[in-house]
Amino acid sequence: LAQRDLTKLLRDRARLIATVIIPFIFIGALGGTLAAAFGRAPGFDSLTLTFTGVYALTLFQSTAMGMISLVIDRENDFSQELFIAPVSRYTIVAGRILGETLVALPQALAIIAFGLVIGIHISPAQLALLIGTGLVVAFFGGAFGVLILAFLNNQRAANQVFAFIFLPQFLLAGVFTPIQAMPWYIEIASRITPLRYAVDFVRGVFYAGSPDYSRVVLQDPGANLEIIVPAFVVCLVVGTFFFVRSERNR
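Only a predicted model underlies this, so the values are computations on that prediction, with no experimental measurement involved. (Residues numbered from 1 in each chain as written. Predicted model: local features only at pLDDT ≥ 70, side-chain atom pairs only at ≥ 80, totals over all residues. Heavy atoms only, no water.)

**Let's talk about helix α8 (residues 155-172)**
Move 1: Relative to the 26 Å expected for 18 residues at 1.5 Å per residue, α8 spans 26 Å between its end C-alpha atoms, a close match to the ideal helical length.
Move 2: Of the residues trailing α8, G174 is marked for its positive phi of about 70°. (Helix = DSSP H or I, 4+ residues; strand = E, 2+ residues; numbered from the N terminus. Expected span 1.5 Å × (residues − 1).)

Here it is in structure tokens:
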């Protein structure tokens with residue numbers, strides 16, 4: 001299943017180009033604008049902040065939205081053929097998450113390469129940590145996508161709901177700006193946003209040992225991981241259970 005998803009991406013050149021270009025627009029246009037306007041006036045480099053935010057956002061969102069393929073397979077009756085196979089349902093869904101994670105990896109490498117081109121300093125250690133944290137974030141996004149899709153019936157609804165879910169998270173997760181100080185009611189909304197922990201996890205690892213750490217990181221990467229791992233398990237188990245149940249009730 002994972003190989004199937006990766007092969008589909010490599011054969012779809014239009015999709016491959018689009019998935020690579022969109023993050024560049026976020027980093028180059030928005031990050032460059034913020035850097036030109038403020039520089040280090042807030043006490044940190046806006047371009048680097050945007051780079052880490054977009055990196056986490058892209059992997060999380062790409063894998064989550066990639067799970068829409070489950071709904072497409074349902075509409076084509078392919079999912080029913082999968083679920084009669086003598087293997088665990090969780091294995092099948094985990095295979096789809098792995099496949100969408102592999103699909104997101106070319107985007108991750110392209111974002112890192114673009115970051116180097118525009119002058120963001122990335123040491124070999126930071127490069128390795130970016131790839132490692134990126135895999136964690138991608139798996140987390142995939143499980144979150146399964147949970148959302150378990151309650152949707154068709155591809156059109158999935159596209160509309162995902163757009164509605166992710167747009168507020170851009171701001172609540174601090175993808176483009178730090179969110180250390182927010183009104184209490186927005187803070188509550190931010191804390192229930194999964195993307196917040198993905199972005200902060202990547203930033204915490206990337207900025208470790210940097211003077212900017214306290215200005216851009218909300219909490220220790222270990223604390224974020226303690227939230228991400230249980231949330232991943234809950235999303236995967238609950239999402240798979242309801243998705244399989246909806247297949248049986250068709």
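Further notes follow.
**As for the packing of helix α3 (residues 46-66) against helix α6 (residues 89-117)**
Move 1: With their axes 9 Å apart at the nearest point, α3 and α6 run at an angle of 155° to one another. In this view, α3 runs roughly antiparallel relative to α6, as classed from their interaxial angle. The two elements α3 and α6 cross, and the hand of that crossing is right-handed. Together, F51, V54, Y55, T58, L59, S62, T63 and G66 of α3 and I97, E100, T101, A104, Q107, A108, I111, I112 and G115 of α6 make up the contact between the two elements. (Axes fitted to C-alpha atoms, helices over the stretch in contact; angles between N-to-C directions. Parallel < 35°, antiparallel > 145°, perpendicular 65-115°, else oblique. Left-handed = near helix turned anticlockwise from the far one by under 90°. Contact = heavy atoms within 4.5 Å.)

**Notes on empty space enclosed by the protein**
Move 1: On inspection of all chains with the given rule, the structure shows two cavities of 30 Å³ or more.
Move 2: Its boundaries defined by the atoms lining it, the largest cavity holds a volume of some 50 Å³.
Move 3: A173, G174, T177, P178, I179, Q180, R196, V199, D200, R203, V216 and L218 together form the lining of the largest cavity.
Move 4: At four residues, helix α10 (residues 194-206) tops the list of elements feeding residues into the lining of the largest cavity.
Move 5: Residue composition of the lining of the largest cavity, grouped by class: six nonpolar, three polar and three charged. (1 Å grid on protein atoms, 1.4 Å probe; cavity = no way out; pocket = protein on both sides within 12 Å on 5 of 7 lines; lining within 4 Å. Points joined across faces, edges and corners; volume = space filled by probe spheres on them. Nonpolar A, V, L, I, M, F, W, Y, C, P; charged D, E, K, R; others polar.)

Keep in mind these values describe shape, not function.
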